[in-house]
Amino acid sequence: MRYQDIDWDTMWLESRAHKSWKKKKSSDWDQRAAGFAERNLDSPFVAQFMAHLQTEPDWTVLDVGCGPGTLAIPLAGQVRQVTALDYSAAMLGELDKRAKIAGLQNITTVQASWTDDWQALKIPRHEVAIASRSLSVDDLKGALRKLNAWASKAVYVVDRVGAGPFDPDLFAAIGRDFAPGPDYIFTLNILYTLGIQARVDFISLDSRRTYTSREEALQSYRWMVDDLTAVEEERLAAYVDARLNQTVNGSWQLARQTPPRWALIWWRTDG
Ligand SMILES: C[S@@+](CC[C@H](N)C(=O)[O-])C[C@H]1O[C@@H](n2cnc3c(N)ncnc32)[C@H](O)[C@@H]1O
């Protein structure tokens, strides 16, 4: 077989069709917004991402699937203007709240989806386009083309490595098979087929995660599994409880065996 005979799009679709988790809707993200903001806004992920990003103070950045502003908020302190796009109203609400507290006035929020007509929404081309942990789309090639077209200097994409945020041991504990679906290697190869030779760096997170309560930890683990049965719910709680410890300051720490790992894929669009 030759490399050019590999149909990455079809392989991506097939791998996606067999993944263990369902694509989330905007209402799912609405429900998760407050907890996600709590856990992610000062996560070590932010510092690792920002360390790789190259921007100039007079640049503008488009952040697609911005969530509660995990990156849009620190970025707004570094560049002229940030457009933060997300289809979840609650995520944008979290972002607005935090931008206000930080006194940031250079973030424009847009409630829209990957598949909306960004031209009709009058979203201009920015110097940099970002999609961090938000590439949950049905047409990956189309989304990558879109990001490329909306950035005059560079694009930064954060994609899953293997299981990404999912904990494979949880699936084993509740008695389900786990198929993570396509990860960054498909994205990288699809970019190659588009004539884009991207660079890759990796962001590795700690195996311990902090929660404000046991319930928050349980909620975060329930998010990984669709249509939990009563028996699975019991097993999930037992799995979480066995790994959860309360710290001296009252928060809860959960240690998992497979820490989340992310690929930071980036390329310049100005040649
Ligand atoms: C895991 S969060 C990532 C947030 C942030 N970029 C980060 O790295 O922390 C995924 C975000 O993508 C958004 N999202 C998912 N699918 C989307 C779509 N089709 N259009 C717009 N936003 C989407 C969700 O609402 C959510 O806020």
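The structure presented is a predicted model; accordingly, all values stated were derived computationally and were not measured.

### Section: the nonpolar core
Line of reasoning, step 1. Among the nonpolar cores identified, the biggest contains 31 residues, and W114, W118, L135, L144, L147, V157 and W267 are the most heavily contacted of them.
Line of reasoning, step 2. For this core, the secondary-structure elements that each account for two or more residues are α1 (8–17), β1 (60–64), β4 (126–132), α6 (140–149), β5 (151–160), α8 (184–193) and β10 (261–268).
Line of reasoning, step 3. When neighbours within four sequence positions are excluded, L144 is seen to be in contact with L135, V157, T187, I190, L191, L194 and W267.
Line of reasoning, step 4. In terms of nonpolar packing, the next biggest core, distinct from the first, is built from 30 residues, F49, V79, I130 and V158 among them.

### Observations concerning the domain arrangement of the chain
Line of reasoning, step 1. Here the chain is described as being made up of domain 1 (3–207 + 260–268) and domain 2 (208–255).
Line of reasoning, step 2. Using C-alpha coordinates to define each centre, domain 1 is positioned 25 Å away from domain 2.
Line of reasoning, step 3. Listed per partner, the contact involves 23 residues of domain 1 and 20 residues of domain 2.
Line of reasoning, step 4. Summed over both sides, the interface of domain 1 with domain 2 buries roughly 2000 Å², with 51% coming from carbon and sulfur.
Line of reasoning, step 5. It is R39, L170 and I174 that lose the most area in domain 1 upon contact with domain 2, and together they represent 31% of the buried surface on that side.
Line of reasoning, step 6. Seen at the junction of domain 1 and domain 2, the total is 5 salt bridges.
Line of reasoning, step 7. Here R176 makes a salt bridge to E232, at a shortest N to O gap of 2.8 Å.
Line of reasoning, step 8. Our count for the domain 1 to domain 2 interface comes out at 11 residue pairs in polar contact (both at pLDDT 80 or more).
Line of reasoning, step 9. Elements with a minimum of two residues in the side of domain 1 that touches domain 2: α2 (26–40) and α7 (168–174).
Line of reasoning, step 10. Among the elements that make up the side of domain 1 that touches domain 2, the one with the highest residue count is α2 (7 residues).

### Re the pattern of salt bridges
Line of reasoning, step 1. Summed over the entire model, instances satisfying the criterion amount to 16 salt bridges.
Line of reasoning, step 2. D5 serves as the salt-bridge partner of R2, at 3.0 Å between the closest nitrogen and oxygen.
Line of reasoning, step 3. When the shortest N-O distance is used, the salt bridge between K23 and D138 registers 3.7 Å. You can see K23 sitting in the loop between α1 and α2 and its partner D138 sitting in the loop between β4 and α6, a full 115 residues away along the chain.

### Comments concerning the packing of helix α9 (residues 214–222) against helix α10 (residues 230–243)
Line of reasoning, step 1. As a packed pair, α9 and α10 sit with axes 10 Å apart at the nearest point and diverge in direction by 125°. Judged by the angle between their axes, α9 and α10 are oblique. Relative to α10, the crossing made by α9 is right-handed. In this structure, α9 contributes R214, A217, L218, Y221 and R222 to the contact, and α10 contributes E233, L236, A237, Y239, V240 and D241.

### Notes on the packing of aromatic side chains
Line of reasoning, step 1. One pass over the full model with this rule turns up 15 aromatic pairs.
Line of reasoning, step 2. Ring centres 5.2 Å apart and planes at 25° place the aromatic pair W21 and F166 in the stacked group. Taken as a pair, W21 in the loop between α1 and α2 and F166 in the loop between β5 and α7 lie far apart in primary sequence, 145 residues in all. Here W21 matches F166 in class, with each residue buried.
Line of reasoning, step 3. Here Y184 and F202 contribute two aromatic rings whose centre-to-centre distance is 5.5 Å and whose plane-to-plane angle is 85°, an arrangement assigned as edge-to-face. A residue pair is termed long-range when its members are at least 10 positions apart, and Y184 in helix α8 and F202 in strand β6 (residues 199–204) qualify at 18 residues.
Line of reasoning, step 4. Sitting above the plane of the F45 ring, R133 keeps its charged end 3.7 Å from the centroid.
Line of reasoning, step 5. The ring of W118 carries K146 above its face, with NZ or CZ at 4.3 Å from the centroid.

### Remarks on the side chain of E94
Line of reasoning, step 1. Structurally, E94 can be placed in helix α5 (residues 89–101).
Line of reasoning, step 2. Given the relative accessible area of 9%, E94 is considered buried.

What counts and how
- Residues numbered from 1 in each chain as written.
- Predicted model: local features only at pLDDT ≥ 70, side-chain atom pairs only at ≥ 80, totals over all residues.
- Heavy atoms only, no water.
- Core = buried A, V, L, I, M, F, W, Y, C linked by side-chain atoms within 4.5 Å.
- Buried < 20%, exposed > 50% of the residue type's maximum accessible area, 1.4 Å probe, protein only.
- Helix = DSSP H or I, 4+ residues; strand = E, 2+ residues; numbered from the N terminus.
- Contact = heavy atoms within 4.5 Å.
- Domains from an automatic or database assignment.
- Buried area = accessible area lost by both parts, 1.4 Å probe.
- Salt bridge = Lys/Arg side-chain N within 4 Å of Asp/Glu carboxyl O.
- Polar contact = N/O pair within 3.5 Å; in protein donor to acceptor, adjacent residues only side chain to side chain.
- Axes fitted to C-alpha atoms, helices over the stretch in contact; angles between N-to-C directions.
- Parallel < 35°, antiparallel > 145°, perpendicular 65-115°, else oblique.
- Left-handed = near helix turned anticlockwise from the far one by under 90°.
- Phe/Tyr/Trp six-rings, centres within 6.5 Å; stacked < 30°, edge-to-face > 60°.
- Lys NZ or Arg CZ within 6 Å of the ring centre and 35° of its normal.

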